[in-house]
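Coordinates in review
One letter stands for each residue in the lines below.
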There are 4 protein chains.
Amino acid sequence: MKITKKRLAHIVFESDDWASKTFDIVLLFLIFGSILISILDSVASLRAAYGDLFWWLEWVFTILFTVEYVLRVWLSRKPRGYIFSFYGLVDLLAILPSYLSFFVVNSQLLAVVRALRLLRVIRILKLGRYVSEAEYLQRSLRASSHKIMIFIGFVVTIVLIMGTLMFIIEGPEHGFTSIPVGMYWAIVTLTTVGFGDITPATPLGQFVSSIIMLLGYAIIAVPTGIVSTEMASQRKKADRPKLVTCPNCGKDDLKPADNFCGNCGISLR
Amino acid sequence: MKITKKRLAHIVFESDDWASKTFDIVLLFLIFGSILISILDSVASLRAAYGDLFWWLEWVFTILFTVEYVLRVWLSRKPRGYIFSFYGLVDLLAILPSYLSFFVVNSQLLAVVRALRLLRVIRILKLGRYVSEAEYLQRSLRASSHKIMIFIGFVVTIVLIMGTLMFIIEGPEHGFTSIPVGMYWAIVTLTTVGFGDITPATPLGQFVSSIIMLLGYAIIAVPTGIVSTEMASQRKKADRPKLVTCPNCGKDDLKPADNFCGNCGISLR
Amino acid sequence: MKITKKRLAHIVFESDDWASKTFDIVLLFLIFGSILISILDSVASLRAAYGDLFWWLEWVFTILFTVEYVLRVWLSRKPRGYIFSFYGLVDLLAILPSYLSFFVVNSQLLAVVRALRLLRVIRILKLGRYVSEAEYLQRSLRASSHKIMIFIGFVVTIVLIMGTLMFIIEGPEHGFTSIPVGMYWAIVTLTTVGFGDITPATPLGQFVSSIIMLLGYAIIAVPTGIVSTEMASQRKKADRPKLVTCPNCGKDDLKPADNFCGNCGISLR
Amino acid sequence: MKITKKRLAHIVFESDDWASKTFDIVLLFLIFGSILISILDSVASLRAAYGDLFWWLEWVFTILFTVEYVLRVWLSRKPRGYIFSFYGLVDLLAILPSYLSFFVVNSQLLAVVRALRLLRVIRILKLGRYVSEAEYLQRSLRASSHKIMIFIGFVVTIVLIMGTLMFIIEGPEHGFTSIPVGMYWAIVTLTTVGFGDITPATPLGQFVSSIIMLLGYAIIAVPTGIVSTEMASQRKKADRPKLVTCPNCGKDDLKPADNFCGNCGISLR
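If you're wondering where the values come from, they're calculated on a predicted model, not measured in any experiment. (Residues numbered from 1 in each chain as written. Chains lettered and ligands numbered in written order. Predicted model: local features only at pLDDT ≥ 70, side-chain atom pairs only at ≥ 80, totals over all residues. Heavy atoms only, no water.)

1. Quick word on the overall build of chain A
Helix and strand content of chain A: ten helices and zero strands. Reading chain A from its N terminus to its C terminus gives the helix and strand order α-α-α-α-α-α-α-α-α-α. In chain A, the share of contacts with a sequence separation of at least 24, taken over all contacts with a separation of at least 6, comes to 52%. Of the accessible surface of chain A, which amounts to about 13,900 Å², a share of 69% is contributed by carbon and sulfur atoms. (Helix = DSSP H or I, 4+ residues; strand = E, 2+ residues; numbered from the N terminus. Contact = heavy atoms within 4.5 Å. Areas by Shrake-Rupley, 256 points an atom, 1.4 Å probe, with all protein chains shown as cover.)

Shown next as structure tokens:
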């Protein structure tokens, strides 16, 4: 079987035959493999021991991903559209740093360039399309995203006011060095994360903190309520009984138990 | 077009024509701009670099907000009502500190006065009226606010008892210097924030803490349940179509658009 | 009006007339006042400044509560029943420490006795009966308490296993000095409180911690789901339409729109 | 009554008669007792005081559990199946370390072997079968486990990306020594645990942290929504009464106990 350009495009861009699925699965393993190597390479002790092996594997992955990138650009009907798409840029960012490391001599800058290579993990997002069951969650979240955005806006306003208030009350001597830092602290507190890197030291500051905490504890109910209601509504839609269409007038929301069409009055039995 | 007082009032107080909307949008940008400057000015390093620029911008905002404030007082039908309203006081607080800084010589006091200017962020709350979709959330929260207040009361009681108990058990030597501090710690713990600035050191204290934490983990379900139920109820109300009853057979779930009863076939028109 | 013993009992034990309500409200203020004094007295700086005032107020409250206690014992139909009831013991504990402080000379012990007086805050629980709206929440919680207990049992089992595991992995050198301490840490982590007083230091410990955290983050959905479902169910019960009783056979669950009784066939119109 | 092998198997493997239930209850107390001793033995101060007593009790439990293990292997129809089953291995692990401690001389290794004995707590999982009410929770969780797995996958992806990002932004000098550590921190933050052992120090790091926290605060709604919806659906299924359709007029919501159709009055018997 001669491999034509058309056949290659068929394999690279998802379709349902044997060769294309194999291509996808191999790519999947390559992505996971390159992520794993990036993660292990970031651990200083492992890097000291297996640095050379990691270096070789990085180049193997880089060359394979380069081949994939060139193929995608060459085979795409609109190469420019692919190059400037989100995944196109991610695919480029996944290979560029390795090549850049040739031209960089300064070791400080080299470390930054090497680190950029780690952004390859974003490619994992591409795997989303393999999970068909994720759709139900996505639909529920998308339907309630508008309400969640308003909620986030409300949270940001509280954070702004509370961060300013705590900056005035506690001041730089207790770690609240600026309003942005106060806002960071307010988010840490409102979301009930509570790192403890900055904590209120004055009685008034502790009182205001208590109010923020109780507020954060109470309003977490809001996004939960939004998503729960949305999911219940979507499930109800799926559970709803099949409706019958009138053979005479075409009215399409009759109940199976109806004897006569509610619109034209014809007998359905 | 000559600008009369009546025309100005029309523009300043929200209405739907072109000029009034432009006024609102300009005001919105001014509020965001003044907040941004206040935030940046609070960062010591930025203040050192751009302090003069911030000082000039602050005065530009102060003068524009002063013009707006004077206009609102002058154009309002009940000036006294506006001045002593919540937003009237906020508008005044947004400009007063800048003028006060002229008369204050003591640098310590000046810092406090400058800080007060940051309370201008409260004006952001005024933006709430631009978001019509926030109403659904507000209605759900208002409908369940009574139950949430009782829940907060219940939480405060637990906090009072647990704060006292931990003050007795752990005592000042482990950071629980007074009952208010114990209550602050109990809120930090019950809301699952957990700063870690004060932590139990005795086995008994750790045991009581564990109970508070499990309690806080379990009762977070209560506000969530309240809000979820309320939202589901409000959505059901909105989704429910008005139903018509058949005057012949009494079937009570006919749709308003039906021409004939789906059960007995009688004409409904 | 002469005050008889019967009349006094009427006032002291809750009833609906003017005198009894006044008695309740005065008692309420006394409880709040004594709690406030106890809280303020625990703050070292306030105690240094107003210690004498607090001492006098404490004795005023003690004497008034003693009068109330004696009245309740004297007026109760079953004095022994009251004395050994939960609130009877709390009422006694609220006054006993003040008297005990006469007989204690050792200053160390005196501090403990004084601290015991703070347990008076438990009396605040008595206020619960003034809040009729709390019933809905209580009913929902009681109906789901069985499921919540099983959930808590499940959480305790996880805590036991994870606490032991972390004690083995991290050991005393990283703060996990014993299994009970490991269990305390597991509760702190699973409930997402996260004090940070004890944290995993080994990679394996951090990996196991990550699993506990994700578990805690996911299973918080369980109590929330239980309470939400229970509340929705209780609300649905309240919303359900009124049912009609058949005048012939007494069947009591007919719908208002029914034309004939579903049981005996008699016409309902 | 002579105890045959068949009779013993009847007692050891759960059945409903008197002897078998007694065996189960005794075993239950032995498991709880051995766990309690293991826990107390891990506390250094208690071990110093009562170490000998704990040693004797450990051996009593070890011998009893050994007898139980031997009985189970001997009485089981498929001894090999039991030995290599999960609970078979746990039962073996519960007794093996005690015997191993005879052959180990090195005190360092001995401590590890002793610690292994603590894994006996896993046996507590066996108690699960005594709680019949746990089934409702299990069914709800199993029905929604697929969606929860996808959610966990989504969370892990966010953790991977955010951990890498924070490793690049903050770097080893602020505690983010490697990508795995960054991922551990991302989990600590996203789940709102917030130990505070590693915290962002740069403004950009604090900004990214704030986004992770708000994300974690918002998406906790997802598992809660999934479980709530699933539970509501399961409860509705249980609450729904079976309905009967009238053979004459087609009314489809008659109760099984009705004798006559509530709509047309025809006899249903």
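2. Here's the deal with a positive patch on the surface
The grouping of Lys236 of chain A, Lys236 of chain B, Lys236 of chain C together with Lys236 of chain D at the surface amounts to a positive patch. Position of Lys236 of chain D among the secondary structure elements: in helix α10 (residues 221-239). Take Lys236 of chain D: its relative accessible area is 36%, and that puts it in the partly exposed class. (Patch = residues over 30% accessible without salt bridge, like charges linked within 9 Å, V, L, I, M, F, W, Y side chains within 5 Å. Salt bridge = Lys/Arg side-chain N within 4 Å of Asp/Glu carboxyl O. Lys, Arg positive; Asp, Glu negative; His and termini not counted. Charge placed at Lys NZ, Arg CZ, Asp CG, Glu CD. Buried < 20%, exposed > 50% of the residue type's maximum accessible area, 1.4 Å probe, protein only.)

3. Overview of the environment of Met166 of chain B
Tracing the chain through its elements places Met166 of chain B in helix α7 (residues 134-170). In sequence terms Met166 of chain B and Tyr184 of chain B are 18 residues apart; their C-alpha atoms lie 11 Å from each other.

4. Side note on a nonpolar patch on the surface
Where nonpolar side chains cluster on the molecular surface, the patch consists of Leu96, Leu100, Phe102 and Phe103 of chain A and spans about 450 Å² of accessible area. Summarising the element assignment, Phe103 of chain A is placed in helix α5 (residues 86-103).

5. Some thoughts on the environment of Ile187 of chain C
Looking at the element boundaries, Ile187 of chain C is found in helix α8 (residues 179-190). The exposure class assigned to Ile187 of chain C is buried, which follows from its relative accessible area of 10%. Aside from chain neighbours lying at most four places away, what touches Ile187 of chain C is Ser210, Met213 and Leu214 of chain B together with Val159 of chain C.

6. As for the packing of helix α8 (residues 179-190) of chain D against helix α9 (residues 203-219) of chain D
All names here are of chain D. As a packed pair, α8 and α9 sit with axes 8 Å apart at the nearest point and diverge in direction by 50 degrees. When the interaxial angle is binned, α8 and α9 end up oblique. Along its contact with α8, which presents Trp185, Thr189 and Leu190, the element α9 presents Ser209, Ile212, Met213, Leu215, Gly216 and Ile219. (Axes fitted to C-alpha atoms, helices over the stretch in contact; angles between N-to-C directions. Parallel < 35°, antiparallel > 145°, perpendicular 65-115°, else oblique.)

7. Observations regarding the packing of aromatic side chains
Throughout the structure, instances matching the rule amount to 36 aromatic pairs over all chains. Consider the rings of Phe195 of chain A and Trp185 of chain D, whose centres lie 6.2 Å apart with planes at 25 degrees: the pair is stacked. With Phe195 of chain A in the loop between α8 (179-190) and α9 (203-219) and Trp185 of chain D in helix α8, the pair connects residues from two separate chains. Classification of Phe195 of chain A by relative accessible area gives buried; the value is 2%. Under the relative-accessibility criterion, Trp185 of chain D is labelled buried at 1%. Here Trp59 of chain C and Tyr99 of chain C contribute two aromatic rings whose centre-to-centre distance is 5.6 Å and whose plane-to-plane angle is 70 degrees, an arrangement assigned as edge-to-face. With a gap of 40 residues between them, Trp59 of chain C in helix α3 (residues 44-75) and Tyr99 of chain C in helix α5 (residues 86-103) connect regions that are remote in the sequence. You can call Trp59 of chain C buried: its relative accessible area is 15%. On the basis of relative accessibility, which here comes to 28%, the residue Tyr99 of chain C falls in the partly exposed class. Members of the aromatic cluster, joined through ring pairs, are Trp55, Trp56, Trp59 and Tyr99 of chain A. (Phe/Tyr/Trp six-rings, centres within 6.5 Å; stacked < 30°, edge-to-face > 60°.)

8. What about the pattern of salt bridges?
Residues and elements named next belong to chain B. This model, assessed by the stated rule, comprises eight salt bridges over all chains. Between Asp41 and Arg47 there is a salt bridge, with its nearest N and O atoms 3.2 Å apart. Of the charged contacts, one joins Arg72 and Glu68 as a salt bridge, the two residues approaching to 2.8 Å between their closest N and O atoms. Separated by four residues within a single helix, Arg72 and Glu68 lie in helix α3 (residues 44-75), roughly one turn from each other. When its relative accessible area of 5% is taken as the criterion, Arg72 is described as buried. Judged by relative accessible area, Glu68 falls into the buried class, the value being 6%.

9. Re helix α9 (residues 203-219) of chain C
Residues and elements named next belong to chain C. If you check α9, its first and last C-alpha atoms are 24 Å apart, about what 17 residues at 1.5 Å a residue would give, namely 24 Å. Among the 17 residues that make up α9, twelve are buried, leaving the element largely enclosed by the rest of the structure. Within the span of α9, buried status applies to Gly205, Gln206, Val208, Ser209, Ser210, Ile212, Met213, Leu214, Gly216, Tyr217, Ala218 and Ile219. (Expected span 1.5 Å × (residues − 1).)

10. Re unusual backbone geometry
Residues and elements named next belong to chain B. For Thr192, which is not glycine, the phi torsion reads 60 degrees and is therefore positive. With respect to the secondary-structure elements, Thr192 resides in the loop between α8 (179-190) and α9 (203-219). Its relative accessible area of 5% is what places Thr192 among the buried residues.

11. Details of the confidence of the model for chain A
Regions with low pLDDT should not have their predicted coordinates read in detail. Residue and element names in this part refer to chain A. In the predicted model, chain A carries a mean pLDDT of 80, and 77% of its residues have values of at least 70. Taken element by element, chain A is modelled with least confidence in helix α6 (residues 107-116), mean pLDDT 62, and with most confidence in α8, mean pLDDT 93. This complex was scored by the predictor with a pTM of 0.81 and an ipTM of 0.77. (pLDDT = per-residue confidence, 0-100.)

12. Some thoughts on the side chain of Ser76 of chain D
Residue and element names in this part refer to chain D. Mapped onto the elements, Ser76 comes out in the loop between α3 (44-75) and α4 (79-83). Judged by relative accessible area, which is 16%, Ser76 ranks as buried. Engagement of the side chain of Ser76 in a polar contact is seen with the backbone nitrogen of Lys78, the distance being 3.4 Å. Ser76 has contacts with Phe13 and Tyr82, leaving out every residue within four places of it along the chain. (Polar contact = N/O pair within 3.5 Å; in protein donor to acceptor, adjacent residues only side chain to side chain.)

13. Some points on the packing of helix α2 (residues 18-41) of chain B against α3 of chain B
Axes are the key here: two packed helices are described by the angle between their axes and the distance separating the axes. Residues and elements named next belong to chain B. The contact between α2 and α3 brings their axes to 9 Å, and the two run at 145 degrees. Of the two possible hands of crossing, α2 and α3 adopt the one that is left-handed. Contact residues: α2 offers Phe23, Leu27, Leu30, Ile31, Gly33, Ser34, Ile37, Ser38, Leu40 and Asp41, while α3 offers Leu46, Arg47, Phe54, Leu57, Glu58, Phe61, Leu64, Phe65, Glu68 and Arg72. In the contact of α2 with α3, the residues fall into twelve nonpolar, three polar and five charged. (Left-handed = near helix turned anticlockwise from the far one by under 90°. Nonpolar A, V, L, I, M, F, W, Y, C, P; charged D, E, K, R; others polar.)

14. Topic: α3 of chain C
Along its 32 residues, α3 of chain C runs just 40 Å from first to last C-alpha, ending more than 12% under the 46 Å computed at 1.5 Å per residue. For α3 of chain C, the principal kink sits at Tyr50 of chain C and spans about 85 degrees. (Bend = angle between axes of the 7 residues up to and from the residue.)

15. Some thoughts on the environment of Tyr217 of chain C
Relative to the elements of secondary structure, Tyr217 of chain C occurs in helix α9. Residue classification places Tyr217 of chain C among the buried positions, given a relative accessible area of 2%. A C-alpha to C-alpha distance of 25 Å links Tyr217 of chain C and Gly171 of chain C, two positions 46 residues apart in sequence. At a separation of 3.1 Å, a polar atom in the side chain of Tyr217 of chain C contacts the main-chain amide nitrogen of Ile220 of chain D.

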